[in-house]
Amino acid sequence: MPRRGLDGPAVIEAAARIADIEGLEAVSVAHVAGDLGIRAPSLYNHVAGLDGLRRGIAVRALGELADAMRTAAVGRAGTDALAALARTYRAYALAHPGCYTATQWVAAGADEEHARAAEAAVGVVLSVLRAWRFEEDEAIHATRAIRSALHGFVTIEQGGGFALAVDLDQSFEWLVARLGDGLTASAPGPDRST
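Note that the structure is a prediction, hence the values are computed from the model and not measured. (Residues numbered from 1 in each chain as written. Predicted model: local features only at pLDDT ≥ 70, side-chain atom pairs only at ≥ 80, totals over all residues. Heavy atoms only, no water.)

**Things to note about the overall build of the protein**
In terms of helices and strands, the protein carries nine helices and zero strands. Reading the protein from its N terminus to its C terminus gives the helix and strand order α-α-α-α-α-α-α-α-α. Expressed as a percentage of the 194 residues in the protein, the buried residues total 40%. Relative to all contacts within the protein whose residues are 6 or more apart in sequence, the contacts with residues 24 or more apart total 67%. With an accessible surface of roughly 10900 Å², the protein has 55% of that area assigned to carbon and sulfur atoms. Of the charged side chains in the protein, 18 are positive and 24 negative, and the gap between their average positions amounts to 3 Å. (Helix = DSSP H or I, 4+ residues; strand = E, 2+ residues; numbered from the N terminus. Buried < 20%, exposed > 50% of the residue type's maximum accessible area, 1.4 Å probe, protein only. Contact = heavy atoms within 4.5 Å. Areas by Shrake-Rupley, 256 points an atom, 1.4 Å probe, with all protein chains shown as cover. Lys, Arg positive; Asp, Glu negative; His and termini not counted. Charge placed at Lys NZ, Arg CZ, Asp CG, Glu CD.)

**Looking at the pattern of salt bridges**
This structure, assessed with the given rule, holds eleven salt bridges. Here glutamate 157 and arginine 90 are joined by a salt bridge, their closest N and O atoms 2.8 Å apart. Here glutamate 157 is found in helix H8 (residues 136-158), whereas its partner arginine 90 is found in helix H5 (residues 78-95), with 67 residues between them in sequence. Here glutamate 157 and arginine 90 have matching classes, each one buried. (Salt bridge = Lys/Arg side-chain N within 4 Å of Asp/Glu carboxyl O.)

**Section: the packing of aromatic side chains**
Per the counting criterion, the structure on display carries three aromatic pairs. Between phenylalanine 153 and phenylalanine 162, the ring centres sit 4.8 Å apart and the planes meet at 35 degrees, which makes this aromatic pair tilted. Positioned over the ring face of phenylalanine 172 is arginine 90, at 4.8 Å from the centre of the ring. Stacked on the ring of tryptophan 174, the Lys or Arg arginine 178 has its end atom at 5.0 Å from the ring centre. (Phe/Tyr/Trp six-rings, centres within 6.5 Å; stacked < 30°, edge-to-face > 60°. Lys NZ or Arg CZ within 6 Å of the ring centre and 35° of its normal.)

**Considerations on the nonpolar core**
Judged by nonpolar contacts, the single largest core of 58 residues is most densely connected at Val27, Val32, Leu43, Leu53 and Ile57. When residues of this core are traced back to their parent elements, those giving at least two are helix H1 (8-22), helix H2 (29-36), helix H4 (49-73), H5, helix H6 (97-102), helix H7 (112-129), H8 and helix H9 (168-186). Sorting elements by how many residues they give to this core places H4 first, with ten residues. When neighbours within four sequence positions are excluded, valine 32 is seen to be in contact with Val11, Ala14, Ala15, Ile18, Val27, Leu43 and Leu53. (Core = buried A, V, L, I, M, F, W, Y, C linked by side-chain atoms within 4.5 Å.)

**Here's the deal with the side chain of aspartate 111**
Here aspartate 111 shows up in the loop between H6 and H7. Residue class for aspartate 111 comes out buried when judged on its relative accessible area of 18%. Within polar-contact distance, the side chain of aspartate 111 engages the side chain of arginine 55 at 2.5 Å. Polar side-chain contacts of aspartate 111 include one of 3.2 Å to the backbone nitrogen of histidine 114. (Polar contact = N/O pair within 3.5 Å; in protein donor to acceptor, adjacent residues only side chain to side chain.)

**Quick notes on the packing of H5 against H7**
Two elements in contact, H5 and H7, have axes separated by 9 Å at closest approach and are oriented at 155 degrees. In terms of their interaxial angle, H5 and H7 are classed as roughly antiparallel. Contacts between H5 and H7 involve Gly78, Ala81, Leu82 and Leu85 on the former and, on the latter, Val124, Val125 and Val128. (Axes fitted to C-alpha atoms, helices over the stretch in contact; angles between N-to-C directions. Parallel < 35°, antiparallel > 145°, perpendicular 65-115°, else oblique.)

**Regarding the environment of histidine 141**
Inspection of the secondary structure assignment puts histidine 141 in helix H8. A relative accessible area of 46% means that histidine 141 is categorised as partly exposed. In sequence terms histidine 141 and isoleucine 18 are 123 residues apart; their C-alpha atoms lie 34 Å from each other.

So this is what it looks like as structure tokens:
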């Protein structure tokens, strides 16, 4: 019989906490069960094993990240919205390193809930990009460029790879400003063919 008050979201919350403190690789059925004070087989009443834990963390983290970025961008446009979104992305990755790592997890096979969560996060970026009036494919290219730049920066930062004695926050702001410059330079302008 399942422990009173224990449900899927509580299990994922415990797994997410472990991921953020010890790293995503530390999440296991046994570790989460021990953290919750139950036997490992009892966890299977709530999640589908290790894949279910990782999937649950990923869905939760993508939702949190999308909500945070959306809130940061509300009422802003163009480079101001991009900067707010980027700062929020970085802050989330640094505050929730294990959960952030899980956002890169891709489910084997079709998983509609995970796909919806990922689409919501991408949708926030696409909304910000509307200020530049990119066509569909160009907007996807821009989204991928933003994601690659931000992910690269926070991944190197989390790993302690920025050792030079130059302010890291200033480097991040420089990166975001150059992203904005690149978007502006690449945006469709008036028809110059006439």
